[in-house]
Amino acid sequence: SKNITIALAGNPNSGKTTLFNALTGARHHVGNWAGVTVEKKEGRFKHKDTEIIGVDLPGTYSLSPYSLEEKIARNYIVEESPDVVVNIVDASNIERNLYLSVQLIELGKPVVIALNMMDVAKSRGYKIDVNKLSKLLGVPIVPIVASKKQGISELLDEVVKVSSNKSLAKGNPVDYGKKLENKITENIESLKSNPKASKYDLRWVALRVIEEDEEIMELLNKNHTSSASDEIAIASEALEISLEDDFECLIADRRYNHITSIISKSVKKPAVQGLTAS
Ligand code: GDP
Ligand code: K
Ligand code: MG
């Protein structure tokens, strides 16, 4: 048999707790994340011949460095490298939920989307082309109804499959446009010589440097054995570009465009109905 660890990530109210309980039943324990009073749940369960440890990450809308919950979620994924990140997405609120999905994909770990609340989405008349959505995002998607325990076994089949073939769930990168893409490429080149960066997805680190993410900048400088001038170069480059533009806003805009474009090709919502007589 095989052992894997999965992290459960999703927006608040996407059904994370419902899914976690459906997976682990009573076999989980609740504690806190190290040093903080944010709840951490961990549970162990079995799917066919695979032993799975599930870690429930805090519910978040984004992965910015400005909130404790968001930092916990992203740091767990990049530092602890779970085998698979299971991203629970509320299908009835898909556009907003995908903002987190795109950021999870950017962390560079395999992502499987559990497309939850399919009952609600259907009752509202949404037509979601799951295969197309999956192709456009570049990650497997399994429709589920967590509250009715529907789709759970199919979800776990996919998770186990991805855990032994991570290339199935790498995700497609957001196109940030020529100007940003050039900066990303330049940063990746400088980061290649930084041993502190090597354990992370370099494109992800390159983007964080552009955003002047303090935690990441500090991490790159810490215990750096080669010349510190690399970091200074990166830092001053980031400073220079931040004077040109608000790159953090531009990055967010590009992510929204990416999602809007994907949704327009894979989801049909019924025309907004006028007020009906009751
Ligand atoms: P969390 O905030 O992400 O942990 O979300 P919860 O697991 O607490 O779920 C929020 C609400 O949605 C609860 O009332 C759940 O019973 C309900 N819920 C979860 N999954 C589904 C689903 O697939 N369909 C429907 N209709 N309700 C769901
Ligand atoms: K809730
Ligand atoms: Mg919850």
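Within any chain, residue numbers begin from 1 and follow the written order of that chain's sequence. Chains carry letters and ligands carry numbers; both start at the beginning, A for chains and 1 for ligands, and go up in the order they are written. Local features in this predicted model are restricted to residues whose pLDDT is 70 or higher, and side-chain atom pairs enter the listing and the counts only when it is 80 or higher, whereas totals over whole chains, interfaces and linings include all residues. Side-chain metrics rest on all non-hydrogen atoms present in the structure, leaving aside hydrogens and water.

J.: I tried to follow the environment of Asn 182 on my own but got confused; where do I start?
T.: Under the DSSP-based scheme used, a helix requires at least four consecutive residues in state H or I and a strand at least two consecutive residues in state E, with every element numbered from the N terminus. Tracing the chain through its elements places Asn 182 in helix α7 (residues 178-191). With 77 residues separating them in the primary sequence, Asn 182 and Ile 105 have C-alpha atoms 20 Å apart.

J.: Got a minute to help me understand the environment of Tyr 176 in this structure?
T.: Along the chain, Tyr 176 falls in the loop between α6 (152-164) and α7. In sequence terms Tyr 176 and Leu 250 are 74 residues apart; their C-alpha atoms lie 8.2 Å from each other. Of note is the side chain of Tyr 176, whose polar atom sits 3.2 Å from the side chain of Arg 255. For this analysis, a polar contact is any N or O atom pair within 3.5 Å, provided that within protein one partner can donate a hydrogen and the other can accept it, and provided that sequence-adjacent residues contribute only side-chain to side-chain pairs.

J.: Sorry if this is basic, but what is going on with the side chain of Arg 208 here?
T.: Within the secondary structure layout, Arg 208 lies in helix α8 (residues 202-210). Among residues more than four places away in sequence, those in contact with Arg 208 are Arg 74, Glu 106, Asp 213, Ile 216 and Arg 255. We call two residues contacting when some pair of their heavy atoms lies within 4.5 Å.

J.: Is there a simple way to think about the site of ligand 1 in this case?
T.: One heavy atom within 4 Å of a molecule or strand makes the whole residue count as near it. Near ligand 1 lie 15 residues; those nearest to it are Asn 13, Lys 16, Thr 17, Thr 18 and Asp 119. Taking Asn 116, its side chain carries an N or O atom lying 2.9 Å from an oxygen atom of ligand 1. Interatomic distance of 3.2 Å between a side-chain N/O atom of Ser 147 and a nitrogen atom of ligand 1. Across the complex, the protein chains shield 67% of the 570 Å² of accessible surface that ligand 1 would expose by itself. Counting residues per element, the ones that place at least two in the shell around ligand 1 are α1 (16-24) and α4 (118-123). With 3 residues, α1 is the largest single contributor of residues to the shell around ligand 1. A per-class count over the shell around ligand 1 returns 5 nonpolar, 8 polar and 2 charged. A 1.4 Å probe and the Shrake-Rupley method give the accessible areas. Residues count as covered only by the protein chains that appear here. Ten residues, namely Ala, Val, Leu, Ile, Met, Phe, Trp, Tyr, Cys and Pro, are considered nonpolar, four, namely Asp, Glu, Lys and Arg, are considered charged, and the remaining ones, Gly among them, are considered polar.

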